[in-house]
Amino acid sequence: MSNQNCWEIKKCGREEGGDKTADLGVCPAASEASCNGINSGTNAGRICWAIAGTFCGEKVQGDFAQKSVSCMSCEVFKQVKMEEGAESFVLLKPGQVYQAASK
Ligand code: SF4
């Protein structure tokens, strides 16, 4: 099991000390300490889909409801889900409720 965080899988350079933090800063997935350890990750590195305002695709993303369709087809989501297995995989961060994006 690799336990790679999203920034290691995507090589986005938006983690602490990454080479792309000059413009937008450190991505919330890399700094969200309240999610540390979820899906065996560092901060929200293995639950980035549940974090609002992440920087995937070189722009600030919306909340989970707005980005869930693209996140669930992302290699990070698929890899973490496969590695954690159905028993241990965590979809939402503590206290989070999934609400479908309003049209
Ligand atoms: S959520 Fe996306 S932009 Fe943010 S650290 Fe993870 S891979 Fe990089």
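Just so it is clear, the model here is predicted, and its values are computed rather than measured. (Residues numbered from 1 in each chain as written. Predicted model: local features only at pLDDT ≥ 70, side-chain atom pairs only at ≥ 80, totals over all residues. Heavy atoms only, no water.)

Caption draft 1: How the structure looks around the site of the ligand. Cys6, Trp7, Lys10, Cys12, Cys27, Ala29, Cys48, Thr54, Phe55 and Cys56 make up every residue found near the ligand. Element by element, the count of residues in the shell around the ligand is highest for helix α1 (residues 6-10), at 3 residues. Looking at the shell around the ligand, its residues break down into 8 nonpolar, 1 polar and 1 charged. (Near = heavy atom within 4 Å. Helix = DSSP H or I, 4+ residues; strand = E, 2+ residues; numbered from the N terminus. Nonpolar A, V, L, I, M, F, W, Y, C, P; charged D, E, K, R; others polar.)

Caption draft 2: Inspection of the side chain of glutamine 79 at higher detail. Secondary-structure assignment places glutamine 79 in helix α5 (residues 75-88). Setting aside its immediate chain neighbours within four residues, glutamine 79 contacts Ser2, Gln4 and Ile9. (Contact = heavy atoms within 4.5 Å.)

Caption draft 3: Up close: the pattern of salt bridges. Within the structure shown, the criterion is met by 4 salt bridges. With a closest N to O distance of 3.0 Å, glutamate 84 and arginine 46 form a salt bridge. On the criterion of sequence distance, the pair formed by glutamate 84 in helix α5 and arginine 46 in the loop between α3 (28-31) and α4 (64-72) is long-range, its members being 38 residues apart. Connected via shared salt-bridge partners are Arg46, Glu83 and Glu84. (Salt bridge = Lys/Arg side-chain N within 4 Å of Asp/Glu carboxyl O.)

Caption draft 4: Broad picture of the packing of aromatic side chains. Per the stated rule, a full pass over the model turns up 3 aromatic pairs. Taken together, a centroid distance of 4.8 Å and an interplanar angle of 75 degrees make the contact between tryptophan 49 and phenylalanine 77 edge-to-face. Taken together, the positions of tryptophan 49 in the loop between α3 and α4 and phenylalanine 77 in helix α5 put the pair 28 residues apart, joining distant regions of the chain. An identical accessibility class is assigned to tryptophan 49 and phenylalanine 77; each is buried. Centroid distance phenylalanine 77 to phenylalanine 89: 5.5 Å. Interplanar angle 85 degrees. Geometry classified as edge-to-face. Taken together, the positions of phenylalanine 77 in helix α5 and phenylalanine 89 in the segment after α5 put the pair 12 residues apart, joining distant regions of the chain. (Phe/Tyr/Trp six-rings, centres within 6.5 Å; stacked < 30°, edge-to-face > 60°. Buried < 20%, exposed > 50% of the residue type's maximum accessible area, 1.4 Å probe, protein only.)

Caption draft 5: Just the environment of serine 34, in detail. Within the element layout of this structure, serine 34 appears in the loop between α3 and α4. Between the alpha carbons of serine 34 and alanine 44 there is a distance of 7.8 Å; along the sequence they are 10 residues apart. Reaching out from serine 34, the side chain makes a polar contact with the side chain of glutamate 32 at a distance of 2.5 Å. (Polar contact = N/O pair within 3.5 Å; in protein donor to acceptor, adjacent residues only side chain to side chain.)

Caption draft 6: Geometry of the nonpolar core. Ile47, Trp49 and Val76 are the most contacted members of the largest nonpolar core, which has 22 residues in total. Looking at this core, the elements that each hand over two or more residues are α1, α3, α4 and α5. Each residue touching tryptophan 49, except ones within four places of it in the same chain, is listed here: Asn39, Phe64, Lys67, Cys71, Phe77, Val80, Phe89, Val90 and Leu91. (Core = buried A, V, L, I, M, F, W, Y, C linked by side-chain atoms within 4.5 Å.)

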